[in-house]
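Here is what each chain is made of, one letter per residue.
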Amino acid sequence: MTYPDAIPDFSGLGPHGVRPGELPSRECRIFAHLLAQEFEPFLIQALYAAAVKLCFDHAKLFAYHGKIDTRLAGVLSMLPDITFTWRGQDRSTIPMDYFDPSSGAALSAASAQWRDLGCEKPDVMLLPSMMDWRHLGAFGRAPRFVLPRDRVPAINQALRDLGLAMTWWYCALAVPDHDTEADLEAWRSAMRSGAEIIADRHAASLVLVGDPETDIGRLPAGVLDARNLPDGVLGQSYVVSRARFLLDLVSTPWLWVAYGFGVPWAMRVSADVPVKFPGQGFVFPADPADSEKLAAAILAIIHETRDCPQWRATVSDRHGPAPNQIFLPMSPGPDARILRA
Amino acid sequence: MTLKASGGSETSHEERQVVIVALMLAPTLGDFIEYNLFAASFKRLYRNARLIAYYRRDRPFKDAVVEMNPEVDEIWPQEGTETVEAGLFDPSRGDGGGRHVDVVLTPSMMSRTTLPSLPSLARFRIAEDIEESFRAEFTSAGLDPERWFCVLHYREPSYDTRGENADRDIDAGDPIAMTRFIIDTLGGQVVRIGHAEMTPFPEFPGFLDLSRHPGGIKIHAAAVRRARFFLELSPSGPAALAPCFGVPLARCNALIIAGPTSPDSVVLNQHLFGPDGIRVPIKTCVEKNLLDGTVMHTILRERGYQFRRNTLSEMKRIAEEITASTRDCPGWREPAEPARASPSDQVPWPIVPSRAHRIWGYGAAASAAREP
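Residues numbered from 1 in each chain as written. Chains lettered and ligands numbered in written order. Predicted model: local features only at pLDDT ≥ 70, side-chain atom pairs only at ≥ 80, totals over all residues.

A few words on the overall build of chain B. Looking only at helices and strands, one finds nine helices and 14 strands in chain B. Over its C-alpha atoms chain B spans a radius of gyration of 22 Å, differing by no more than 12% from the 21 Å that the globule rule assigns to 372 residues. Referenced to the eigenvectors of the C-alpha coordinate spread, the extents of chain B come out at roughly 75 × 55 × 40 Å. When the 372 residues of chain B are sorted by exposure, 48% land in the buried category. (Helix = DSSP H or I, 4+ residues; strand = E, 2+ residues; numbered from the N terminus. Rg over C-alpha atoms; globule rule 2.2 N^0.38 Å. Buried ≥ 20, exposed ≤ 12 C-beta atoms within 10 Å, placed from the backbone.)

Okay, structure coming up:
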């Protein structure tokens, strides 16, 4: 045996994933507590955790959640960045002592896999209050949802059955939840105004996504209701993912779905003030009953998305190099652009 | 949730207080001290921050160490099987949840290898009465308060809480010889710290044994704070006190290369021998990361590698070396608050490990050779 060549080299095992001058030599371990039970905050937490993972060339994302409904489970199934998911019962959460890597830990996870995966030794821990939606725009690499391929044929067939043209663009319109405080009558009026522009002037469809329990009244010509597509949130997410843009008149969770798929969106806001929101989005200040401003905003986003004359292709991001770092805490991202006619 | 505008009454980023929860989860003294030092120093990186210390009251020193941490704003001590769950930080919970936190530091995020990378380390505090108590012990033992002393510590198998550790335990022979060497040859005085069951030393002038002092970790820390240097003869937790007071640290019989945080500190590792009985050069050990604390334990030992202790003459050379490099401290060390780096509102993460101290026999200045 001759030294040093015969001795194994462990320099790549640097402590906590880093070696001098470069990050990382092994995966950065991220542990995210996805504790939200509602659709929108869960979307935000899931996307935030994925965004943190994308900050590193080599990272593993471990997620924990309690008992979740099918909508939230659907969100997770669209997120390819999660390395391993721990599922709890009901609203149970993890004791902080589980992150004690010492042999003398007072409380330890029962599963040997916890330690096999290195979950007790995270390099980054994300808790709900840290995953602020205002930060998402500050991440250089946007997280991306991916629909399970095997679900797509059935959803496509359902959209054909609805009468959606497969060779022309459409706009997804977010329906508010049935228990929302939004003025549903004003929303229905806005839907009719939108249909006049999108269907009548552009021969495109307006496809509704959102809460199937919301009473939307009689469907105007050119409006298709996709709220009962198969696969629940997956079907509706697919609609959003292939839309030319998403129109949101009352701020719904579907904005986050659009963001997750890289789909442009336009959201009505009540005042002309900046909104921290990531992605290719626009806001347009308008009163709910102001059909003129709504029409102008729709025409403006049609113009902004003129590169999408048909169904939107899957976004192919061109990422720059990973920064291999985050900031604690992250800072808010830039303001969303204001859509002006 | 409805999207909110970012203007108006929203607190600006600069004004907001950053809430840090440090999970100081370690049953061992050294790790616990280091987590406290990391968390305190990390907090100082922020313009406006609040540090919450989460720890278990499972060892007698825990409260005392946290008390010495000057940056802790709130403590969450846990007894028995009590714990805090992640749900506490879930704003959607009405049942006591919703506690806001901006940063959670887990034990793995507070690695000792990153301490030297922090722009400045916090200094632990010692209460005046503890300082006076130490001074009284020192003078009543006949030691000269006008002359320097070093703190000496090593591990013995009688440490009942943690038990024997063959790689780390040494008997009292070499420590006694080293104490005499420091007093008789180097002209210093020696204060030994440790647990109460440590082997008694013979009495001789210039030596004070605090291992049985009822003041425990606080009186030990008071001694470290005023020492010219800390001499550790085998790996053991109390050495972690040295960086908490900016005191140079010399480690002998070390199993890892990390620990000290200052350029005037030095580590003399145990010698690693291969299965054929040939010594692995320290350069190879460093560059191939053999002394990270886990490689030897989990991989190399079963392949026939073994550690061999430092000799007495090697330890004497280390003592001479650190005595020379601390010649600016001829008496009791004057506590000094280090310059603080300009605080910010954000900290880049992760923090890259680095090394400031020298590794005996490794050659190049440590600051130029970052730790693998």
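Quick look at the overall build of chain A now. Of the regular secondary structure elements, chain A holds eight helices and 12 strands. Across its three principal directions, the C-alpha atoms of chain A cover 80 × 40 × 40 Å. In chain A, buried positions account for 49% of the 341 residues. In chain A, of all internal contacts separated by at least 6 residues, the share reaching a separation of at least 24 is 68%. (Contact = placed C-beta atoms within 7 Å.)

Let us now look at the pairing of strand β8 (residues 229-232) of chain B. Residue and element names in this part refer to chain B. Here β8 shows two buried faces, one formed by F229 and L231 and the other by F230 and E232. Where strand β5 (residues 149-153) meets β8, four bridges bridge the pair, whose relative direction is parallel. Among the inter-strand pairings, C150 is bridged to a residue of β8, identified as F229. Relative to strand β9 (residues 249-254), β8 is paired through three bridges, and the arrangement is parallel. Bridging across to β9, E232 finds its partner in R251. (Pairing = 2+ DSSP bridges.)

Residues and elements named next belong to chain A. Strands sit in the order β3-β2-β1-β4 across an open sheet of four strands; the sheet is parallel. Across the chains shown, the open sheet's two edge strands, defined by having one partner strand only, are β3 (84-87) and β4 (124-126). The mean angle between the axes of side-by-side strands here comes to 15 degrees, regardless of whether they run parallel or antiparallel. Both strand β1 (residues 28-33) and strand β2 (residues 59-65) contribute to a ladder of six bridges, which runs parallel. From the neighbouring strand, A32 faces β2, where its bridge partner is A63. (Axes fitted to C-alpha atoms, helices over the stretch in contact; angles between N-to-C directions.)

Residues and elements named next belong to chain A. Interaxial distance between helix α1 (residues 39-53) and helix α2 (residues 70-77) falls to 10 Å at its minimum, and their mutual angle equals 20 degrees. As summarised for this structure, α1 and α2 are arranged roughly parallel, according to the angle between their axes. In the packing of α1 onto α2, the handedness of the crossing is right-handed. Contact residues: α1 offers F39, F42, L43 and A46, while α2 offers R71, L72, V75 and L76. Residue composition of the contact of α1 with α2, by class: seven nonpolar, no polar and one charged. (Parallel < 35°, antiparallel > 145°, perpendicular 65-115°, else oblique. Left-handed = near helix turned anticlockwise from the far one by under 90°. Nonpolar A, V, L, I, M, F, W, Y, C, P; charged D, E, K, R; others polar.)

Attention now moves to the sheet that holds strand β10 (residues 281-285) of chain A. All names here are of chain A. Taken together, seven strands build an open sheet; the order of strands is β7-β6-β5-β8-β9-β10-β12 and the sheet is parallel. At either margin of the open sheet sits one strand with a lone partner, and together these are β7 (223-225) and β12 (337-338). Packed onto the sheet, helix α5 (residues 184-201) meets β5 (170-175), β6 (205-210), β7 and β8 (245-248) and runs at close to 140 degrees relative to β6. Here helix α6 (residues 233-242) sits on the sheet in contact with β5, β6 and β8, set at roughly 140 degrees to β6.

What follows covers helix α7 (residues 254-261) of chain A. All names here are of chain A. For α7, the tally of buried residues reaches eight of eight residues, placing the bulk of the element in the interior. In this structure, the buried side of α7 is in contact with α1, β5, β6, α6, β8 and β9 (265-269). Within two residues after α7, G262 carries a phi angle of roughly 70 degrees, on the positive side.

Moving on, we come to the confidence of the model for chain B. Residues and elements named next belong to chain B. Mean pLDDT over chain B stands at 90; residues scoring 70 or higher make up 92%. For residues 1-11, every residue scores under 50 in pLDDT, and the model assigns this stretch 20 contacts once sequence neighbours within four places are set aside. In the model, residues 364-372 has pLDDT below 50 throughout and makes 26 contacts with residues more than four positions away in sequence or in other chains. The complex prediction reports pTM at 0.92, with the ipTM value standing at 0.90. (pLDDT = per-residue confidence, 0-100.)

Residue and element names in this part refer to chain B. Among the secondary structure elements, I351 is positioned in the loop between β13 (347-349) and β14 (358-359). Residues I351 and D58, spaced 293 residues apart in sequence, show a C-alpha to C-alpha distance of 29 Å. The residues contacting I351, other than those within four sequence positions of it, are T114 and S117.

Let's shift gears to the pairing of β5(B). All names here are of chain B. Here β5 lies mainly inside the structure; five of its five residues are buried. Side chains of β5 alternate between two faces, with F149, V151 and H153 and C150 and L152 buried alike. Across four bridges, the pairing between β5 and strand β6 (residues 189-192) is parallel. Across the sheet, the residue bridging to F149 is Q189, located in β6.

Another aspect to go through is the environment of A:D290. Assignment of secondary structure puts A:D290 in the loop between β10 and α8 (291-304). According to the C-beta neighbour criterion, A:D290 is partly exposed, with 17 such atoms within 10 Å.

Another aspect to go through is the nonpolar core. Ranked by size, the top nonpolar core spans 215 residues in total, and within it A:L126, A:L246, B:A22 and B:A39 carry the most contacts. A total of 11 residues in this core trace back to one element, the largest contributor, which is α1(A). (Core = buried A, V, L, I, M, F, W, Y, C linked by C-beta atoms within 7 Å.)

This part takes up α6(A). Residues and elements named next belong to chain A. Of all 10 residues in α6, 10 are buried; the element is thus mostly enclosed. Looking at α6, one finds that the buried residues are V233, L234, G235, Q236, S237, Y238, V239, V240, S241 and R242. Among the structural elements, α2, α4 (152-162), β5, β6, β8 and α7 are those in contact with the buried residues of α6.

Moving on, we get to unusual backbone geometry. Of note, the bond from A:L328 into A:P329 is cis; its omega dihedral lies within 30 degrees of zero at -15 degrees. Residue placement: A:P329 occurs in the loop between β11 (326-328) and β12. Backbone torsion omega between B:W349 and B:P350 reads 5 degrees, so that peptide bond is classified as cis. In this model, A:D231 sits at a positive phi of 70 degrees, which is unusual for a non-glycine residue. You can see A:D231 is positioned in the loop between β7 and α6. Positive phi outside glycine occurs at A:S251, with the angle close to 65 degrees. Within the element layout of this structure, A:S251 appears in the loop between β8 and α7. Among the residues examined, A:S251 registers 23 C-beta atoms within 10 Å and is labelled buried.

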